[in-house]
Amino acid sequence: MELIVITWILCVLVMTDGCCVGRVGHGDSATCPRIISRAEWGARPPTEESSHLPDLLPMLFVHHSAMAVCEDQEACSQQVRDIQELHMDGNGWWDIGYSFLIGGDCNIYEGRGWNIQGAHTGGFNTEGYGVCFMGNFMDHNPSTGAIAAYHSLASCMVEEEKISREYQMYGHRQTKPPGGTKCPGDVLYATIQEWEGWTEGNISELKQ
């Protein structure tokens, strides 16, 4: 009963855009936000096993899906399935590329998940996790609730030692030659420059 009450209080304290983005625990951890599992959103099984990633990764990458914004769990789950289908059937990858995705419903969705190498940032997939905001953010930002979900997830990554406390965060466009991609959208890219960990510069020449 105490845990339910504490969780409810946390939810109320950080309620934004009608979304609860409080930390309610995930697995054995009480420092992380709730993450919608692959089973919950209806993931297809991967066609091959991905490589393992160690803890304390040095980087974090921000993307957008360049699709319509989804506003409830049903619609966002469908969009994650659509992205997985595009990545598997269109790109020929063996699973969805992103590590985690954030919907307009302010939920975080498990992509490849913890300690599994993704296919989100060419040349840097062994260096960090890729987090995708679902929507097209060329001319507007994600909702305040979705942004709060990102910060909660990033804090979780640090506290659980999935990424280094001195992690470097980049927008996807910073990992490609100038003009190579507009991801994560012009407005969101300007916004993330104010966030913890953002690192200036283009790192495309450092690709592994």
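Treat the numbers as computed from the prediction; the structure is a model and nothing was measured.

Caption draft 1: Seen up close, the packing of aromatic side chains. On inspection of all chains with the given rule, the structure shows 10 aromatic pairs. Geometrically, the ring pair formed by Phe-61 and Phe-124 is tilted, given 5.9 Å between the ring centres and 50° between the ring planes. A residue pair is termed long-range when its members are at least 10 positions apart, and Phe-61 in strand S2 (residues 57-64) and Phe-124 in the loop between strand S4 (108-110) and strand S5 (128-133) qualify at 63 residues. Among the residues examined, Phe-61 registers a relative accessible area of 0% and is labelled buried. The interplanar angle of 35° and the centroid separation of 5.9 Å between the aromatic rings of Phe-133 and Tyr-150 together place this pair among those described as tilted. Of this pair, Phe-133 sits in strand S5 while Tyr-150 sits in helix H4 (residues 144-159), and the two are 17 residues apart along the sequence. With relative accessibility at 1%, the residue Tyr-150 sits in the buried group. Chaining the aromatic ring pairs together yields one cluster made of Phe-133, Phe-137, Tyr-150 and Trp-195.

Caption draft 2: Region of the structure containing the nonpolar core. If you look at the biggest cluster of nonpolar residues, it comprises 28 residues, and the most contacted ones within it are Leu-60, Phe-133, Tyr-150 and Met-169. Those elements that provide at least two residues to this core are S2, strand S3 (100-102), S5, H4, strand S6 (163-171) and helix H5 (186-192). For this core, the element with the most residues is H4, which contributes eight residues. Residues within four places of Tyr-150 in sequence aside, it is in contact with Leu-60, Val-62, Ile-102, Val-131, Phe-133, Met-169 and Trp-195. Trp-41, Val-80, Ile-96 and Met-134 belong to the second largest nonpolar core, which has 12 residues in total.

Caption draft 3: Looking closely at the sheet that holds strand S1 (residues 35-36). An order of S1-S4-S3-S5-S2-S6 is seen for the six strands of this open sheet, with the pairing classed as mixed. Two strands bound the open sheet, and with one partner strand each, they are S1 and S6. Sheet topology places S1 next to S4; two bridges connect them, and they run parallel. By the bridge assignment, Ile-36 is partnered in S4 with Tyr-109. On top of the sheet, helix H3 (residues 73-90) reaches S1, S3 and S4; it is set at about 40° to S4, its chief contact. Along the sheet, H4 contacts S1, S2, S3, S4, S5 and S6; its crossing angle with S6, the most-contacted strand, is approximately 145°.

Definitions and cut-offs
Residues numbered from 1 in each chain as written. Predicted model: local features only at pLDDT ≥ 70, side-chain atom pairs only at ≥ 80, totals over all residues. Heavy atoms only, no water. Phe/Tyr/Trp six-rings, centres within 6.5 Å; stacked < 30°, edge-to-face > 60°. Helix = DSSP H or I, 4+ residues; strand = E, 2+ residues; numbered from the N terminus. Buried < 20%, exposed > 50% of the residue type's maximum accessible area, 1.4 Å probe, protein only. Core = buried A, V, L, I, M, F, W, Y, C linked by side-chain atoms within 4.5 Å. Contact = heavy atoms within 4.5 Å. Pairing = 2+ DSSP bridges. Axes fitted to C-alpha atoms, helices over the stretch in contact; angles between N-to-C directions.

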